[in-house]
Amino acid sequence: MEKIKLSSTLEVSRFALGFWRLNEWKMSSSELLYFIETVLDTGITTFDHADIYGDFSCEALFGEALKREPALRQKMQLITKCGIMPVSQKFPERRVGHYDTGYAHILESVEQSLKNFHTDYLDLLLIHRPDPLMSPDETARAFEELHRSGKVLHFGVSNFLPADMEMFLAHLSLPLVTNQVAISPAQLTHFHNGNMAYFLQKEIHPMAWSPLAGGKLLHPEDEEGRRIHRKLSELAQRKGTENIGSLIYAWLLKHPAGIIPVLGTGKLHRIQEALEAFNISLTTEEWFAIYEAGLGHGVP
Ligand SMILES: NC(=O)c1ccc[n+]([C@@H]2O[C@H](COP(=O)([O-])OP(=O)(O)OC[C@H]3O[C@@H](n4cnc5c(N)ncnc54)[C@H](OP(=O)(O)O)[C@@H]3O)[C@@H](O)[C@H]2O)c1
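Residues numbered from 1 in each chain as written. Predicted model: local features only at pLDDT ≥ 70, side-chain atom pairs only at ≥ 80, totals over all residues. Heavy atoms only, no water.

Participant: Quick question: what am I supposed to make of the site of the ligand here?
Facilitator: Every one of the 29 residues lining the ligand counts as a neighbour, but Asp48, Ser210, Thr265, Lys267 and Arg270 are closest to it. Separating an oxygen atom of the ligand from a side-chain N or O atom of Ser210 is a distance of 2.6 Å. Surface burial for the ligand is 91%, taken as the share of its 910 Å² of free accessible area covered by protein chains. Here the ligand occupies the largest pocket. (Near = heavy atom within 4 Å. Polar contact = N/O pair within 3.5 Å; in protein donor to acceptor, adjacent residues only side chain to side chain. Areas by Shrake-Rupley, 256 points an atom, 1.4 Å probe, with all protein chains shown as cover. 1 Å grid on protein atoms, 1.4 Å probe; cavity = no way out; pocket = protein on both sides within 12 Å on 5 of 7 lines; lining within 4 Å. Sits in = over half its atoms within 2 Å of the grid points.)

Put into structure tokens, the structure is as follows:
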């Protein structure tokens, strides 16, 4: 599979796979190991996590599988995130969900992630969400310390706006190699809020989370979903594919920013289907037909 360079030292696969829903997949450790090995065989080598996924359980589930075959670690890029402090039974003293992008919390969170994954380095660490109380010097100091110690090789952000990134970069001596944001035909915000222009200007490849809008684009529940689904079905028929998902991925892949879709499925056949996107070439008009279905009206 084609690779994409996030920086001179970090290459990721053209698709990433996310493990947000891992604890719903109900895989045993050996089933998960088989799943990971089979996914690696498809060429998807970039795995997206966060400390909080599955109420803080998903990293450790993944790590248990990885422990069975430690040599796999070198074949993958492990991404995780930190900074969200949800109300959780794991933290009974916490009364209010909040963010923490302070030095101590970031270092502590990374230590826990390394332990969970049974590894001694992360390929990429993202600040999960912009924090209204972020003290950028402190967050930068944490990143620089983790970089110096070799515990984290690269850094990025998620759900940031260009002004958030610029502000942070003004305090940081390291590059921010990606911004992971929600992009799908049902989520066009980042085409309008300056992010896509910023990515192109800075040559940053964004990662697209929930590329199928959490599955809702395939099983629409409201009028917007049905409208987009109708257009996708019509196009799929015209393109000779039955696979609406791969049409959506082809729509993301066509964008010049080099968007990396983060798949969310735990089913191997759906991952195989996703790869059919490489064989679908959308014309400009077809791309806009999907974009307009998402907008709900034609472009002016
Ligand atoms: N940075 C952030 O703030 C943020 C936020 C949310 C997510 N993420 C990342 O993005 C990843 C993907 O998000 P997502 O899970 O919402 O992605 P998604 O691809 O939009 O949705 C995946 C869901 O759709 C279902 N689905 C139904 N039909 C499908 C088909 N034909 N192909 C694929 N999936 C189908 C999947 O179920 P099955 O498993 O049954 O296939 C799964 O429940 C997450 O795992 C996480 O790593 C990041």
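From this point on, the discussion continues.
Participant: Please clarify how the packing of aromatic side chains should be interpreted in this entry.
Facilitator: Each aromatic ring pair is specified by the distance between its two centres and by the angle formed by the two planes. The full count for this structure, using the stated rule, is 20 aromatic pairs. A centroid spacing of 5.1 Å and a plane angle of 65° characterise the contact between Phe56 and Phe91, whose relative ring orientation is edge-to-face. With a gap of 35 residues between them, Phe56 in helix H3 (residues 53-56) and Phe91 in the loop between strand S6 (84-85) and strand S7 (98-99) connect regions that are remote in the sequence. A relative accessible area of 26% places Phe91 in the partly exposed class. Taken together, the aromatic side chains of Phe19, Trp25, Phe35, Phe47, Phe62 and Phe117 make up a single cluster linked through ring pairs. In this structure, Arg94 is placed above the aromatic ring of Phe91, and the distance from its NZ or CZ to the ring centre is 4.2 Å. (Phe/Tyr/Trp six-rings, centres within 6.5 Å; stacked < 30°, edge-to-face > 60°. Helix = DSSP H or I, 4+ residues; strand = E, 2+ residues; numbered from the N terminus. Buried < 20%, exposed > 50% of the residue type's maximum accessible area, 1.4 Å probe, protein only. Lys NZ or Arg CZ within 6 Å of the ring centre and 35° of its normal.)

Participant: Is there a simple way to explain the nonpolar core in this structure?
Facilitator: Generally speaking, a soluble globular protein has its nonpolar side chains buried in company with each other. In terms of nonpolar packing, the biggest core is built from 84 residues, with Phe47, Phe62, Leu125 and Phe143 touching the most fellow members. It is helix H11 (residues 244-253) that contributes the most residues to this core, eight residues altogether. When near neighbours in sequence (up to four residues on either side) are disregarded, Phe143 contacts Ile106, Leu125, Ile127, Phe155, Gly156, Phe168, Leu172, Leu174 and Leu176. (Core = buried A, V, L, I, M, F, W, Y, C linked by side-chain atoms within 4.5 Å. Contact = heavy atoms within 4.5 Å.)

Participant: How do you make sense of unusual backbone geometry when you look at a structure like this?
Facilitator: Comment: phi is negative for the bulk of residues other than glycine, and the bulk of peptide bonds are trans. Phi is positive for Asp55, close to 50°, though the residue is something other than glycine. A positive phi angle, near 60°, is found at Asn159, a position not held by glycine. When you line up the elements, Asn159 lands in the loop between strand S9 (155-158) and helix H7 (162-169).

Participant: Looking at this structure, I do not really get the packing of H7 against helix H9 (residues 195-202). What am I missing?
Facilitator: When two helices pack together, their arrangement is given by the angle between their axes and by how far apart the axes lie. Remark: H7 packs on H9, axes separated minimally by 9 Å, with the N-to-C direction vectors making an angle of 45°. By the angle between their directions, the pair H7 and H9 is classed as oblique. Note on element contacts: H9 touches H7 through Asn195, Tyr198 and Lys202, opposite Pro162, Met165, Glu166 and Leu169. Along the lines of polarity and charge, the residues of the contact of H7 with H9 split into four nonpolar, one polar and two charged. (Axes fitted to C-alpha atoms, helices over the stretch in contact; angles between N-to-C directions. Parallel < 35°, antiparallel > 145°, perpendicular 65-115°, else oblique. Nonpolar A, V, L, I, M, F, W, Y, C, P; charged D, E, K, R; others polar.)

Participant: Looking at this structure, how should I read the layout of surface pockets?
Facilitator: In this structure, the largest pocket spans a volume of roughly 850 Å³. As for the largest pocket, its lining consists of 37 residues, of which Arg21, Gly214, Leu263, Gly264 and Thr265 are closest to the centre. Elements that contribute at least two residues to the lining of the largest pocket include exactly helix H1 (22-25), H11, strand S12 (260-263) and helix H12 (268-274). Looking at the lining of the largest pocket residue by residue, the classes come out as 14 nonpolar, 15 polar and eight charged. Each pocket or cavity is described by its volume, and for the second largest pocket that value is around 240 Å³. Phe56, Phe91, His105, Ser109 and Gln112 are, among the 14 residues lining the second largest pocket, the residues nearest its centre. Looking at the lining of the second largest pocket, the elements with two or more residues in it are S6 and helix H5 (103-117). Among the elements that take part in the lining of the second largest pocket, H5 stands out by supplying six residues, more than any other. Partitioning the lining of the second largest pocket into residue classes produces five nonpolar, five polar and four charged. (Points joined across faces, edges and corners; volume = space filled by probe spheres on them.)

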